[in-house]
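# Breakdown of the fold
The primary structure of each chain is shown beneath.
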Amino acid sequence: MYNVQRSVLFLLMAMSISLSAQDFSADRELFDAYQREDMSVWKTYIDKVQGDKVQGTKELTYEYGYCGYIVAEAKKEGKDALLPEAKRYVQQFKSHISHLKSQLPKGHYEMYLSAVYVFELRLHESIHPIKAMSLAKDATKLAPSDPLVLSYYGTCLFYAPKPFGSKKDALAWFELAEKLFRKPEWKYCWIREATHMYVQQCHKKLKK
C-alpha cells in the first residue's frame with residue numbers, strides 16, 4: 001500500500017466551489033481497488049474519462065493519484081519502459097488542470113500544479129522544487145479547511161528533504177486533514193485513507 005500512495009461534474013457557478021459529499025459517495029469500486037493496490041481499475045477509469053473528456057474536479061483527484069503511482073513505478077529499477085507512459089499521464093493531467101483552472105475549488109489549481117512539478121522533477125522533465133513547495137503552501141492559505149489541500153501539503157513536507165521538509169510539521173498537517181476527513185461524505189475518498197497511512201508513518205519515524 002505504501003508504494004501506491006506515492007482528480008471532473010462541471011458546475012456552472014461564478015464563485016469557487018467545494019468538493020461536495022456526492023463526489024465520493026459512489027466511488028466504492030475505486031476505493032476498494034486502491035485498498036487492494038489494483039491500480040489497473042484506476043487506469044481504466046482515467047482512460048474512460050479522457051475519452052469522454054474531463055468534466056469536473058473529482059476526476060482530477062484520481063488523475064493526481066494515478067500519476068503518483070505510475071511515476072513511482074517508472075522510477076523503480078528495471079521499470080524504465082514505463083517512463084513514456086508516466087510522462088504521458090503527467091502531461092495529460094497538466095493539460096486538464098490548465099483547462100479547468102477557472103472552475104476548480106480554491107487552492108486546487110495551486111495544489112495540482114505543485115503536484116505536476118513534483119512529478120516532472122522525478123521524471124527529469126523540469127526542475128521546480130521550491131516552486132512546488134511554494135504553491136502547496138499557497139493552496140493551504142486559499143483553502144484552510146479543505147482536507148485534500150491540507151493533506152497534500154503534508155505530503156510535500158513528508159517527502160521534502162531538510163530544511164524544506166519535516167516529518168513533525170507534516171504530521172501536524174495530516175492530523176488537521178484527518179479531522180476534516182471524518183465527515184461521512186469522505187468515506188470512500190482515497191486521500192482520506194492515504195492521510196491515515198501518513199499519520200501512522202510519521203509517528204513511526206518520529207519515534208526512532
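Residues numbered from 1 in each chain as written. Predicted model: local features only at pLDDT ≥ 70, side-chain atom pairs only at ≥ 80, totals over all residues. Heavy atoms only, no water.

Here we come to the overall build of the protein chain. Counting its secondary structure elements, the protein chain contains 10 helices and zero strands. Tracing the protein chain from N to C terminus, the helices and strands come up as α-α-α-α-α-α-α-α-α-α. In the protein chain, which comprises 208 residues, the proportion classed as buried is 50%. Carbon and sulfur atoms provide 54% of the accessible area of the protein chain, an area that totals close to 10,900 Å². (Helix = DSSP H or I, 4+ residues; strand = E, 2+ residues; numbered from the N terminus. Buried < 20%, exposed > 50% of the residue type's maximum accessible area, 1.4 Å probe, protein only. Areas by Shrake-Rupley, 256 points an atom, 1.4 Å probe, with all protein chains shown as cover.)

Let's shift gears to the pattern of salt bridges. Summed over all chains, the structure comprises nine salt bridges. A salt bridge links Asp38 to Arg36; the nearest nitrogen and oxygen atoms lie 3.5 Å apart. The partner of Arg192 in a salt bridge is Glu193, and the shortest N-O contact between them spans 3.8 Å. Through salt bridges that share partners, Glu73, Lys76 and Lys79 make up one connected network. (Salt bridge = Lys/Arg side-chain N within 4 Å of Asp/Glu carboxyl O.)

Any region with low pLDDT has predicted coordinates that should not be read closely. Summing up the model confidence of the protein chain, the mean pLDDT is 86 and the portion of residues at 70 or higher is 85%. Counting interchain partners and residues more than four positions distant, the pLDDT-below-50 stretch residues 1-22 has 61 contacts. (pLDDT = per-residue confidence, 0-100. Contact = heavy atoms within 4.5 Å.)

What follows is about the packing of aromatic side chains. Inspection of every chain in the model, using the stated rule, returns 20 aromatic pairs. With a centroid separation of 5.7 Å and 45° between ring planes, the pair formed by Tyr66 and Tyr69 is classed as tilted. Of the two residues, Tyr66 and Tyr69 both sit in helix α4 (residues 59-74), three residues apart, roughly one turn of that helix. Look at Tyr69 and you get buried, because its relative accessible area is 19%. (Phe/Tyr/Trp six-rings, centres within 6.5 Å; stacked < 30°, edge-to-face > 60°.)

This next bit is on the side chain of Glu63. Positionally, Glu63 belongs in helix α4. Within the structure, Glu63 has its side chain in polar contact with the side chain of His96 (distance 2.7 Å). (Polar contact = N/O pair within 3.5 Å; in protein donor to acceptor, adjacent residues only side chain to side chain.)

What follows is about the packing of helix α5 (residues 83-99) against helix α6 (residues 108-122). Close contact between α5 and α6 brings their axes to 10 Å; oriented N to C, the two are set at 160°. As the angle between them shows, α5 and α6 are arranged roughly antiparallel. Both α5 and α6 take part in a crossing whose hand is left-handed. Within the contact between the two elements, α5 uses Val90, Gln91, Phe93, Lys94 and Ile97 and α6 uses Tyr109, Tyr112, Leu113, Ala115, Val116, Phe119 and Glu120. Residue classes in the contact of α5 with α6 are distributed as nine nonpolar, one polar and two charged. (Axes fitted to C-alpha atoms, helices over the stretch in contact; angles between N-to-C directions. Parallel < 35°, antiparallel > 145°, perpendicular 65-115°, else oblique. Left-handed = near helix turned anticlockwise from the far one by under 90°. Nonpolar A, V, L, I, M, F, W, Y, C, P; charged D, E, K, R; others polar.)

Quick look at unusual backbone geometry now. With an omega dihedral of 10°, the bond running from Lys162 to Pro163 counts as a cis peptide bond. As for its position among the elements, Pro163 is in the loop between α8 (147-159) and α9 (167-180). One non-glycine residue with positive phi stands out, namely Glu37, at about 65°. The residue Glu37 is located in the loop between α2 (28-36) and α3 (40-52) in this model. The residue His124 is not glycine, and still its phi comes out positive at about 60°.

Helix length check: α4, at 16 residues, gives a terminal C-alpha distance of 22 Å against a target of 22 Å (1.5 Å per residue), a fit within 8%. Judged by how many residues are buried, α4 sits mostly within the fold: 16 of 16 residues are covered. (Expected span 1.5 Å × (residues − 1).)

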